[in-house]
Amino acid sequence: MPLSSLPIFPLGVVLYPGTALPLHLFEPRYRQLLADIRVGDSRFGMLTAMSGVAERDLPPGRMGCVAEVTEVEMMPDGRANIVVVGRERFALGQFLDSEAPYHVASVTSVPDVATANAVALAVSSDDVAQHFKQVVKAVHAINGNDGPVPPLPDDPTQLAWTIAAMIDLDLESRYKLLAERDPAARLTAIDAVLRKAIPELELQAALRKQS
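Residues numbered from 1 in each chain as written. Predicted model: local features only at pLDDT ≥ 70, side-chain atom pairs only at ≥ 80, totals over all residues. Heavy atoms only, no water.

**Student:** It is not clear to me how the packing of helix H2 (residues 118-143) against helix H3 (residues 156-164) should be interpreted in this structure. Could you clarify?
**Tutor:** For any two helices packed against each other, one specifies the inter-axial angle together with the distance between the axes. Closest axis-to-axis distance for the H2/H3 pair is 9 Å, and the angle between their directions is 25°. Considered as vectors, H2 and H3 are oriented roughly parallel to each other. Judged by the sense of rotation from one axis to the other, the crossing of H2 with H3 is left-handed. Contacts between H2 and H3 pair Leu121, Ala122, Ser125, Val128, Ala129 and Phe132 from the former with Pro156, Thr157, Leu159 and Ile163 from the latter. Residues of the contact of H2 with H3, tallied by class, amount to 8 nonpolar, 2 polar and no charged. (Axes fitted to C-alpha atoms, helices over the stretch in contact; angles between N-to-C directions. Helix = DSSP H or I, 4+ residues; strand = E, 2+ residues; numbered from the N terminus. Parallel < 35°, antiparallel > 145°, perpendicular 65-115°, else oblique. Left-handed = near helix turned anticlockwise from the far one by under 90°. Contact = heavy atoms within 4.5 Å. Nonpolar A, V, L, I, M, F, W, Y, C, P; charged D, E, K, R; others polar.)

Next up, the structure:
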């Protein structure tokens with residue numbers, strides 16, 4: 001895929017395509033980044049940072065996600081609360097020399113690999129959605145409420161990312177899901193997390209009901 005350049009925001013979070021993430025911008029360099037992209041296409045690159053690695057030492061190939069700013073709340077002192085939505089996934093090429101106070105880098109788009117069996121993917125997607133609903137139902141019972149299940153996408157290639165954005169996962173697990181190019185493997189990984197959580201959550205829900 002051809003390389004292009006993006007303003008880069010390295011941060012210890014993972015943004016997935018098709019998901020929203022609120023951010024609070026307070027550093028002067030990222031205030032400037034916001035001002036600059038708002039006169040353009042409102043997009044920048046969210047690059048997953050690595051513990052103990054300097055920002056400009058992040059290795060080529062490190063995955064990130066294009067972030068599009070969809071909401072902005074400016075504060076009198078120049079800080080901002082924003083909401084971004086993940087668009088396409090990218091791999092870091094190299095950091096570029098720039099007069100901007102924030103990082104700029106060459107990046108390349110990273111598409112999924114082609115899915116050989118769409119029917120099997122759809123079946124797996126249905127299983128994952130059902131297990132997610134079990135988790136949500138148990139959590140609601142534990143908390144003593146009866147809220148709705150968050151909406152899930154119909155697209156099986158998007159499902160694992162949408163669920164991962166809503167559940168508790170460590171940063172490395174989140175990053176692996178972003179980097180995984182096989183949608184079936186993503187579903188398998190997130191399904192394992194849900195299946196592991198269900199027995200304990202349902203036990204806690206049952207105990208809560210008895211109390």
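**Student:** Help me understand unusual backbone geometry in this model?
**Tutor:** Negative phi is the rule for most residues except glycine; trans is the rule for most peptide bonds. Positive phi, close to 60°, is recorded for Ser42, a residue that is not glycine. One can find Ser42 in the loop between helix H1 (28-38) and strand E3 (43-48).

**Student:** Whenever I open this one, H1 confuses me. Can you help?
**Tutor:** Given 3.6 residues to a turn, an α-helix orients residues that are three or four positions apart in the same direction. Within the sequence span of H1, burial applies to Arg29, Tyr30, Leu33, Leu34 and Ile37. Mapping the buried residues of H1 onto a view down its axis gives an arc of 140°, with all of them on the same face. (Buried < 20%, exposed > 50% of the residue type's maximum accessible area, 1.4 Å probe, protein only. Arc of directions from axis to C-beta.)

**Student:** Any chance you could explain the nonpolar core here in plain terms?
**Tutor:** It is characteristic of soluble globular proteins that their nonpolar side chains tend to be buried jointly. In terms of nonpolar packing, the biggest core is built from 28 residues, with Tyr16, Val128, Ile163, Ile167, Leu177, Ile190 and Leu194 touching the most fellow members. Listed by contribution, the elements that provide at least two residues to this core are H2, H3, helix H4 (171-179) and helix H5 (183-210). Top element by residues in this core is H2. It accounts for 7 residues. With sequence-adjacent residues up to four places away left out, Leu194 is seen in contact with Val128, His131, Phe132, Val135, Ile163 and Ile167. Residues Leu21, Met46, Ala67 and Ala80 belong to the second largest nonpolar core, which totals 19 residues. (Core = buried A, V, L, I, M, F, W, Y, C linked by side-chain atoms within 4.5 Å.)

**Student:** Even after reading the chapter, I still don't get the packing of aromatic side chains, so can you show me in this structure?
**Tutor:** Any aromatic ring pair is given by two values, namely how distant the centres are and how the planes are angled relative to each other. In total, this model carries 3 aromatic pairs according to the counting rule given. Centre to centre, the rings of Phe9 and Tyr30 are 3.8 Å apart; their planes meet at 20°, and the pair counts as stacked. Residue Phe9 is found in strand E1 (residues 3-11), and its partner Tyr30 is found in helix H1; the two are separated by 21 residues along the sequence. Both residues of the pair, Phe9 and Tyr30, belong to the buried class. Ring geometry for Tyr16 versus Trp161: centroids 6.4 Å apart, planes at 20°, classification stacked. In this pair, Tyr16 sits in the loop between E1 and strand E2 (20-25) while Trp161 sits in helix H3, placing the two residues 145 residues apart along the sequence. The buried category is assigned to Trp161, whose relative accessible area is 5%. Cluster of aromatic residues (ring-pair linked, three or more members): Phe9, Tyr30 and Phe44. Taking NZ or CZ as reference, Arg62 lies 3.8 Å from the ring centre of Tyr175, over its face. Here the guanidinium or amino end of Arg186 rests over the ring plane of Trp161, the centre of that ring lying 3.9 Å away. (Phe/Tyr/Trp six-rings, centres within 6.5 Å; stacked < 30°, edge-to-face > 60°. Lys NZ or Arg CZ within 6 Å of the ring centre and 35° of its normal.)

Worth remembering: the numbers are spatial, not functional.
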